Every structure is written in structure tokens, then in C-alpha cells.
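# Structural features, examined
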Amino acid sequence: MPAVQVLYFARAREATGGVTEETLDAADTEALKSALVERHPALASVLETAVLAVNQEYATARVELRERDEVAIIPPISGG
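Described below are features of the structure shown in this document. (Residues numbered from 1 in each chain as written. Predicted model: local features only at pLDDT ≥ 70, side-chain atom pairs only at ≥ 80, totals over all residues. Heavy atoms only, no water.)

Mapped onto the elements of the fold, Leu7 is located in strand 1 (residues 3-8). Given a relative accessible area of 15%, Leu7 falls into the buried group. If we ignore the near neighbours within four places in the chain, the residues touching Leu7 are Thr20, Glu21, Glu70, Val71, Ala72 and Ile73. (Helix = DSSP H or I, 4+ residues; strand = E, 2+ residues; numbered from the N terminus. Buried < 20%, exposed > 50% of the residue type's maximum accessible area, 1.4 Å probe, protein only. Contact = heavy atoms within 4.5 Å.)

Note: α-helices contain 3.6 residues per turn, so residues at a spacing of three or four share the same orientation. Inspection of helix 2 (residues 29-39) places Thr29, Leu32 and Leu36 among the buried residues, and these make up the whole buried set. Summarising the axial view, the buried residues of helix 2 lie within an arc of 50°, below the 170-degree limit, and thus occupy one face. At its buried positions, helix 2 is contacted by strand 1, strand 2 (21-25), helix 3 (43-47), strand 3 (51-54) and strand 5 (70-74). One side-chain oxygen of the residue at the start of helix 2 lies 3.0 Å from the amide nitrogen of Glu30, identifying that residue as Asp28. (Arc of directions from axis to C-beta. Polar contact = N/O pair within 3.5 Å; in protein donor to acceptor, adjacent residues only side chain to side chain.)

Time to look at the sheet that holds strand 4 (residues 57-59). Judged by pairing direction, the sheet is mixed, and its five strands sit side by side in the order 2-1-5-3-4 without closing on themselves. At either margin of the open sheet sits one strand with a lone partner, and together these are strand 2 and strand 4. Looking at each pair of strands side by side, their axes are set apart by 35° on average, direction ignored. Direction of pairing for strand 3 relative to strand 5: antiparallel, over a ladder of four bridges. Residue Val54 lies in a different strand from strand 5, and its bridge partner there is Val71. In the packing of helix 2 onto the sheet, the strands contacted are strand 1, strand 2, strand 3 and strand 5, and the crossing angle to strand 2 comes to about 120°. (Pairing = 2+ DSSP bridges. Axes fitted to C-alpha atoms, helices over the stretch in contact; angles between N-to-C directions.)

Mapped onto the elements of the fold, Thr16 is located in the loop between helix 1 (11-15) and strand 2. Exposure remark for Thr16: the relative accessible area of 7% places this residue in the buried category. Within polar-contact distance, the side chain of Thr16 engages the backbone oxygen of Arg13 at 2.8 Å.

Counting buried residues in strand 1 gives five out of six residues, a clear majority hidden from the surface. Two strands pair when backbone bridges link them, and strand 1 and strand 2 are joined in this way by five bridges, in the antiparallel orientation. Along strand 2, the bridge assignment pairs Leu7 with Glu21. Where strand 1 meets strand 5, four bridges bridge the pair, whose relative direction is parallel.

Structural data, given as C-alpha cells:
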């Protein structure tokens with residue numbers, strides 16, 4: 001399985017206890033989500049509404065991951 005860099009923003013960062021980035025092994029974005037929830041259970045509720053970006057492009061469906069891909073977890077942001 002490829003090792004990918006995961007970046008956390010906003011509520012995702014809070015759910016990981018302040019972790020901003022880490023490396024995980026996952027074959028695709030669905031496997032990555034499962035690994036993330038296993039490592040950070042509080043992230044489960046964030047991932048329900050978050051968008052993933054793989055190499056700075058939004059991933060609207062399952063994406064196969066390659067070695068050194070960068071995956072950002074981007075929760076919805078509100079404000080005014």
C-alpha cells in the first residue's frame with residue numbers, strides 16, 4: 001500500500017487532537033477514511049461532511065492513491 005501524507009484543517013484538526021499532518025498507508029480514499037477513523041475516532045463525524053482533496057484536486061468519488069500523494073481533509077466552513 002502506498003504511504004500518503006494527510007493534512008487536517010479546521011474541525012478535522014481539532015478531532016485529531018491538534019495533529020496537522022501525518023503519514024498513513026492506504027490503497028484508496030475509502031480505505032484511508034477507515035484508517036483515519038481507527039486512529040482518530042472523533043474524526044468519524046467530521047468525515048461525514050468533509051471533502052477530501054487529493055493532490056489539491058477535490059475527490060468527489062473513490063480515488064486510488066499512489067505513493068506520496070497528499071490528501072487534505074477539508075470540513076465545511078461557515079462564517080460571515
